[in-house]
Amino acid sequence: MSREETSLRRDATPRRYLMCPPAHFGVSYSINPWMDPAKPVDPQLALTQWEDLCDRYLSLGHTVELLDPRPGLPDMVFAANGATVVDGRVLGASFAYPERAAEAVAHLEWFRENGYTEILEPTHVNEGEGDFAVTDSWILAGKGFRSSPLSHSEAQEFFGRPVIGLDLVDPRYYHLDTALSVLDGDEVMYYPGAFSPGSRAVLRRLFPDALLATEEDAAALGLNAVSDGRHVLLPQQALGLFGPLRDRGFEPIGMDLGELLKGGGSVKCCTQELRPAPAGTAD
Ligand code: ARG
């Protein structure tokens, strides 16, 4: 059956994203295997690549809010890690490494200045959307390298949504968003090799039809993607994902974020989604 016959129609919904320009980006320390302080970074190119991503969101009709970059925080461009926002409620981050600790404060200040009232400063280490992925039915939560397992119950209690803990076992995929991406509703794509056997079984059970990435596409950080339900923005080197995404009715859009990859991040890491309160419940 052709795609027309199956009439798989994907609809984009407008999103609101929080991003932070890489004004102070660099690799001056190493907290994941992608980071090599000896490797030079081109700051101008990093900025141009980031601007392309930002412009692409705008041209797709999304809203982008900007966080002021702060000197001394070279990883602040990875805005996904600074908080998790679900139903207009903000769970702040608490970073595993002291080098990034001050980013959590900058995010909290932004939310307070921008009208958010339901804000929880966490007790347990969590690196925001680096380790929390929101589907229609669940919040998937990574652990093993950064976020504490205790942050999973903290998130479940705060958001009132079931949180499913998943164990990450490969240091290259130190955050959940380097190994799994939500495409739409309860549809995901992931790289099985990043997860423990038990977590792989959980993923198979919850998402029997998931798109499974190859090792090669995962290693290009192809799962560090952002979907609006139709357009899937992902690292352009993850070529093997483009066909399977199209077969499912998505429109893959390859982005070049090669400079930011030197920090261990790509499209999703740069993008925090501000999920609004459900209609009629906004206070
Ligand atoms: N250098 C950063 C770190 O290791 C990269 C963070 C990438 N962000 C992400 N959402 N995976 O913490």
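This text follows the structure it describes.
Since the structure is predicted, the reported quantities are computational estimates derived from the model, not experimental observations.

A. Expanded view of helix α4 (residues 150-159). Of the positions making up α4, those classed as buried are S151, H152, E154, A155, F158 and F159. Take α4 and look down its axis: the buried residues cluster within an arc of 160°, on one side only. The elements touched by buried residues of α4 are β3 (83-86), β4 (89-92), β5 (119-120), β6 (132-134), β7 (139-143) and β8 (163-167). Backbone geometry just downstream of α4 places G160 in the positive-phi region, at approximately 65°.

B. Main features of the site of the ligand. The environment of the ligand is made up of 16 residues, and the closest members are N32, R100, D177, G263 and C269. R100 places a side-chain nitrogen or oxygen 2.6 Å from an oxygen atom of the ligand. R146 is positioned with one of its side-chain polar atoms (N or O) 2.8 Å from an oxygen atom of the ligand. In isolation the ligand offers 350 Å² of accessible surface; the protein chains occlude 100% of this area. Residue composition of the shell around the ligand, by class: 5 nonpolar, 7 polar and 4 charged.

C. Broad picture of the sheet that holds strand β10 (residues 187-190). Spatial strand order, β9-β10-β11: 3 strands in an open sheet with mixed pairing. Each of the sheet's edge strands pairs with one partner strand only, and the pair in question is β9 (180-184) and β11 (211-212).

D. Local environment of the sheet that holds strand β13 (residues 231-235). The strand order across the open sheet built from 3 strands is β12-β13-β14, with neighbouring strands paired in mixed fashion. Strands with a single pairing partner mark the edges of an open sheet, and in this sheet they are β12 (226-227) and β14 (251-255). In this sheet, β14 lies alongside β13 in parallel orientation, the contact comprising 5 bridges. By the bridge assignment for β14, H231 is matched with E251. Across the sheet, helix α2 (residues 43-59) touches β12, β13 and β14, and the angle it forms with β14 is around 155°.

E. Main features of the pairing of β3. Of the two faces of β3, the one carrying A83 and V85 and the one carrying T84 and V86 are both buried. The sheet contact formed by β3 and β4 spans 4 bridges and is antiparallel. Note that in β4 the partner of A83 across the bridge is G92. Adjacent in sequence and paired antiparallel, β3 and β4 are bridged by 2 residues, among which D87 carries a positive phi angle near 55°.

F. Structural detail: the pattern of salt bridges. Counted by the stated rule, this structure contains 19 salt bridges. Between R146 and E127 there is a salt bridge, with the nearest N and O atoms lying 2.8 Å from each other. With R146 in the loop between β7 and α4 and E127 in the loop between β5 and β6, this pair connects stretches of sequence that are 19 residues apart. As far as the burial class goes, R146 and E127 line up, both buried. Two residues, K262 and E259, come together in a salt bridge whose shortest N-O distance is 2.9 Å. On the basis of relative accessible area, K262 is assigned to the partly exposed category, the value being 21%.

Cut-offs applied
- Residues numbered from 1 in each chain as written.
- Predicted model: local features only at pLDDT ≥ 70, side-chain atom pairs only at ≥ 80, totals over all residues.
- Heavy atoms only, no water.
- Buried < 20%, exposed > 50% of the residue type's maximum accessible area, 1.4 Å probe, protein only.
- Helix = DSSP H or I, 4+ residues; strand = E, 2+ residues; numbered from the N terminus.
- Arc of directions from axis to C-beta.
- Contact = heavy atoms within 4.5 Å.
- Near = heavy atom within 4 Å.
- Polar contact = N/O pair within 3.5 Å; in protein donor to acceptor, adjacent residues only side chain to side chain.
- Areas by Shrake-Rupley, 256 points an atom, 1.4 Å probe, with all protein chains shown as cover.
- Nonpolar A, V, L, I, M, F, W, Y, C, P; charged D, E, K, R; others polar.
- Pairing = 2+ DSSP bridges.
- Axes fitted to C-alpha atoms, helices over the stretch in contact; angles between N-to-C directions.
- Salt bridge = Lys/Arg side-chain N within 4 Å of Asp/Glu carboxyl O.

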